Amino acid sequence: QVQLVESGGGLVQAGGSLRLSCAASTRTFSRYTMGWFRQAPGKEREFVAAITWSGGSTYYADSVKGRFTISRDNAKNTVYLQMNSLKPEDTAVYYCAAVVAGDHRVAGGYDFWGQGTQVTVSS
């Protein structure tokens, strides 16, 4: 069992930045591909970004490419999402998730999820 705890959400003006963190309680953190997803009210959960176990490969949704950066520190069992140039449409609950193998863009394929952190971007 892997427990994931997100932090760093909050209220920010459009154009601002936030850095989300996700701490994992597992000794095998480096085995997992880590992903960030988000869910806005009335919408389905959508893929935001993912990073492979070594950090060697990263993937982004087109809507955040060039603005968001995913990274990880395996020594700290933590994955990060740096969000710059935030837009009101980025407002959502952001979740981190862990998967050993599978399509990193599909929420249903992830094995473990955090509780989410709210990000609100005002115009």
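Provided above is the structure to which this section pertains.
Residues numbered from 1 in each chain as written. Predicted model: local features only at pLDDT ≥ 70, side-chain atom pairs only at ≥ 80, totals over all residues. Heavy atoms only, no water.

Visitor: Lay out the nonpolar core in plain terms, naming residues and giving numbers.
Guide: Grouped together as the largest cluster of nonpolar side chains are 37 residues, with contacts concentrated most on L4, M34, W36, L81, M83 and Y94. Breaking this core down by element, the ones donating at least two residues are β3 (18-25), β4 (33-39), β5 (46-51), β7 (68-73), β8 (78-83), β9 (92-99) and β11 (117-122). By residue number, the principal contributor to this core is β9, which donates 6 residues. (Core = buried A, V, L, I, M, F, W, Y, C linked by side-chain atoms within 4.5 Å. Buried < 20%, exposed > 50% of the residue type's maximum accessible area, 1.4 Å probe, protein only. Helix = DSSP H or I, 4+ residues; strand = E, 2+ residues; numbered from the N terminus.)

Visitor: Lay out the pattern of salt bridges in plain terms, naming residues and giving numbers.
Guide: Applying the stated criterion to the full structure yields 4 salt bridges. The shortest N-O distance in the salt bridge between D90 and R67 comes to 2.8 Å. With D90 in the loop between β8 and β9 and R67 in the loop between β6 (58-60) and β7, this pair connects stretches of sequence that are 23 residues apart. Residues D90 and R67 agree in their burial class; the two are buried. Taken together, the shared-partner salt bridges connect R38, E46, R67 and D90 into one network. (Salt bridge = Lys/Arg side-chain N within 4 Å of Asp/Glu carboxyl O.)

Visitor: Explain the sheet that holds β8 to me, using residue names and the numbers behind them.
Guide: One open sheet holds the 4 strands; their spatial order is β1-β3-β8-β7, and the pairing between them is antiparallel. Strands at the two margins of the open sheet, each flanked by one partner only, are β1 (3-7) and β7. Put simply, the sheet's adjacent strands are angled 15 degrees from each other on average, direction ignored. As paired elements, β7 and β8 share 6 bridges and run antiparallel to each other. Across the sheet, residue R72 finds its bridge partner in β8, namely V79. (Pairing = 2+ DSSP bridges. Axes fitted to C-alpha atoms, helices over the stretch in contact; angles between N-to-C directions.)

Visitor: Any chance you could break down the packing of aromatic side chains for me, citing the residues and the numbers?
Guide: As enumerated under the stated definition, the model contains 6 aromatic pairs in all. Look at Y95 and W113: their rings are 6.4 Å apart centre to centre, the planes differ by 80 degrees, and that puts the pair in the edge-to-face class. Highlighted residues: Y95 in strand β9 and W113 in strand β10 (residues 112-113), separated in sequence by 18 residues. Here Y95 falls in the buried class, since its relative accessible area comes to 14%. An aromatic cluster is defined as three or more aromatic residues linked by ring pairs; in this entry it consists of F37, F47, Y95, Y110 and W113. Cation over ring: R45 sits above Y95, and NZ or CZ is 3.8 Å from the ring centre. For R72, the ring lying beneath its charged end belongs to F29, and the centroid distance is 4.4 Å. (Phe/Tyr/Trp six-rings, centres within 6.5 Å; stacked < 30°, edge-to-face > 60°. Lys NZ or Arg CZ within 6 Å of the ring centre and 35° of its normal.)

Visitor: Which residues make up the side chain of H104, and what values do they have?
Guide: Summarising the element assignment, H104 is placed in the loop between β9 and β10. Judged by its relative accessible area of 16%, H104 falls in the buried class. Setting aside chain neighbours within four positions, we find H104 in contact with T33, F37, F47, A50, Y59 and Y110. (Contact = heavy atoms within 4.5 Å.)

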